[in-house]
Amino acid sequence: MGIASSIIFYSAIAGLSTMVGIALVIMGEAWVLRYSHYVNSFAAGLILGVAFFHLFPESLELSGNALLFIFLGFLVFYLLENMMVLHSGSEIHFSEKKNPRHAKGLVMFSGLFFHSLIDGVIIGVGFEIDPKLGLLTSLGIISHELPEGVTSFSLLVTSIPRKTAVKMAVAVALATPLGAIISLAFIGGLSEATVGLLLAMAGGTFLYIAASDLIPETHEKGGILNALFLLLGVLCLFSLSKMLAA
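Let me sum up the structure you'll find in this document.

Turning next to the overall build of the protein chain. When helices and strands are counted, the protein chain shows 8 helices and 0 strands. Scanning the protein chain from its N terminus toward the C terminus, one meets helices and strands in the order α-α-α-α-α-α-α-α. Within the protein chain, buried positions represent 50% of all 246 residues. Of the contacts made within the protein chain by residues no fewer than 6 positions apart, 86% connect residues no fewer than 24 positions apart. Of the roughly 10700 Å² of accessible surface on the protein chain, a fraction of 72% belongs to carbon and sulfur atoms.

A few words on the packing of aromatic side chains. Taken as a whole, this structure holds 6 aromatic pairs when the rule is applied. Considering the side-chain rings of Phe9 and Tyr10, the 5.0 Å spacing of their centres and the 80° angle between planes classify their relative orientation as edge-to-face. Its relative accessible area of 22% is what places Tyr10 among the partly exposed residues. With a centroid separation of 5.6 Å and an interplanar angle of 20°, the aromatic rings of Tyr10 and Phe127 are classed as stacked. Of the two residues, Tyr10 sits in helix 1 (residues 3–62) while Phe127 sits in helix 4 (residues 105–129), which places them 117 residues apart along the sequence. With relative accessibility at 3%, the residue Phe127 sits in the buried group. Counting every residue linked through ring pairs, the aromatic cluster contains Phe9, Tyr10 and Phe127.

One turn of an α-helix holds 3.6 residues; hence residues three or four places apart share an orientation. When the terminal C-alpha atoms of helix 6 (residues 162–186) are compared, their 37 Å separation across 25 residues agrees well with the 36 Å that a helix rising 1.5 Å per residue should span. Ala175 marks the point of greatest bend in helix 6, at about 30°, and the proline Pro177 comes within the next four residues. Buried within helix 6 we find Ala165, Met168, Ala169, Val172, Ala173, Ala175, Thr176, Pro177, Gly179, Ala180 and Ser183.

By the element assignment, Ser11 lies in helix 1. On the basis of relative accessible area, Ser11 is assigned to the buried category, the value being 0%. Apart from the residues lying within four places of it in its own chain, the contact partners of Ser11 are Ile123, Thr176, Pro177 and Ala180.

The next thing to look at is helix 8 (residues 224–245). For helix 8, which comprises 22 residues, the first-to-last C-alpha distance of 31 Å matches the rise-based estimate of 32 Å (1.5 Å per residue) to within 8%. Within helix 8 the residues assigned to the buried category are Asn226, Leu230, Gly233, Leu237 and Ser241. For helix 8, the arc enclosing every buried residue in end-on projection is 65°, short of the 170-degree limit, so these residues lie on one face. In this structure, helix 8 carries Ile224, Leu231, Lys242 and Met243 as exposed residues pointing more than 90 degrees from its buried face.

This next bit is on the environment of Ala193. For Ala193, the position within the fold is in helix 7 (residues 192–221). Residue class for Ala193 comes out partly exposed when judged on its relative accessible area of 36%. The spatial distance from the C-alpha of Ala193 to the C-alpha of Ser59 is 8.4 Å, given a sequence separation of 134 residues. Contact partners of Ala193, with chain neighbours within four places excluded, come to Leu62 and Ser63.

On to the nonpolar core, then. Formed by 38 residues in total, the largest nonpolar core has its most connected members in Leu55 and Phe206. Among the secondary structure elements, those contributing two or more residues to this core are helix 1, helix 2 (66–84), helix 4, helix 5 (131–156), helix 7 and helix 8. Among the elements that make up this core, the one with the highest residue count is helix 1 (12 residues). Residue contacts for Leu55: discarding those within four places in its chain leaves Val50, Leu133, Thr137, Leu199, Ala202, Gly203 and Phe206. With 13 residues, the next largest nonpolar core counts Ile22, Ile160, Ala169 and Val172 among its residues.

Mapped onto the elements, Thr18 comes out in helix 1. Those residues in contact with Thr18, other than ones at most four positions away along the chain, are Glu145, Gly149 and Ala173.

Another point: the environment of Leu228. Position of Leu228 relative to the elements: it lies in helix 8. For Leu228, a relative accessible area of 46% translates into the label partly exposed. Separated by 186 residues in sequence, Leu228 and Phe42 place their C-alpha atoms 8.4 Å apart.

On to a nonpolar patch on the surface, then. A contiguous nonpolar patch, built from Leu68, Phe71, Leu75, Tyr78, Leu79 and Met83 and spanning about 590 Å² of accessible area, is present on the exposed surface. Secondary-structure assignment places Phe71 in helix 2. The class for Phe71 is partly exposed, based on a relative accessible area of 48%.

Reading the values: rules and limits
- Residues numbered from 1 in each chain as written.
- Predicted model: local features only at pLDDT ≥ 70, side-chain atom pairs only at ≥ 80, totals over all residues.
- Heavy atoms only, no water.
- Helix = DSSP H or I, 4+ residues; strand = E, 2+ residues; numbered from the N terminus.
- Buried < 20%, exposed > 50% of the residue type's maximum accessible area, 1.4 Å probe, protein only.
- Contact = heavy atoms within 4.5 Å.
- Areas by Shrake-Rupley, 256 points an atom, 1.4 Å probe, with all protein chains shown as cover.
- Phe/Tyr/Trp six-rings, centres within 6.5 Å; stacked < 30°, edge-to-face > 60°.
- Expected span 1.5 Å × (residues − 1).
- Bend = angle between axes of the 7 residues up to and from the residue.
- Arc of directions from axis to C-beta.
- Core = buried A, V, L, I, M, F, W, Y, C linked by side-chain atoms within 4.5 Å.
- Patch = residues over 30% accessible without salt bridge, like charges linked within 9 Å, V, L, I, M, F, W, Y side chains within 5 Å.
- Salt bridge = Lys/Arg side-chain N within 4 Å of Asp/Glu carboxyl O.

That's the geometry; what it means functionally is another story.
The structure is reproduced here in C-alpha cells:
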C-alpha cells in the first residue's frame, strides 16, 4: 500500500471509530458511560506512548525548535477546548455535571470538527516521515476517536434535535479523513525541518489530549484497574513499536 493510500485508509478507520462511538451511545448510553473510563485509560496509554517514544524524538531530530512547537501544540489545544467548551474524555459524563455551557451546540460542533480535522493532518504528517510512524500515530488517533465519537454525539444531543446531532456527529467523524486528504495536497512539498515542527505540534496535542482529556477520567473513577488499563496501553504501544522495528 502506497503512502497516499495508507493515509486515506487509516484516517478512514479513525473516522469509522468515531462513528462506532456514536452508534454505541445510540444503542446504550448508560452502558457506554459506565465503562468509558477504561477505554479512556487505555487510549491515554497508547497516545502517551506514541508521543514520548516516537513523535517527540523524531521531531527533535528533525528540528532544533521542536520543544517550542511541542509546547505550542499543547497550548493551541488548551485554548481550543477552553474557548469551544468541549473535552474529548472526562466531560463525557456531561449529564452528571449539568454544565449550562454545554448548550452551545454549534460552537461545540465547530471545535470538535476542527479537532478531528487536525487529527487527519497528523496522520498525513506521520506517514510522510515513515510508514511505521504513520501507523503508530494512526493507532493513537484511532484509540482516541472512539471516546470522541461518544462525547461529540452525547454533548450535541443535549442542545439540538437528535437528527441534527447525528448529522453533526457524523460530520465530525468525516473530518478526520478530510484532514488527511487535505494533508496530501501540501505535505510532500514541505522541508524536513517543517515536517519536524508539525510532528512536534502533533506530539504536543497528543500530550494535551492524554493529560487533560483522558487521564482525568482515571482520577475521577479511581481504582487500580484504570491505572492498569493505562499501563496496558503504554505496553501495547511499546510492544508494537518493537515488532515494527524488527
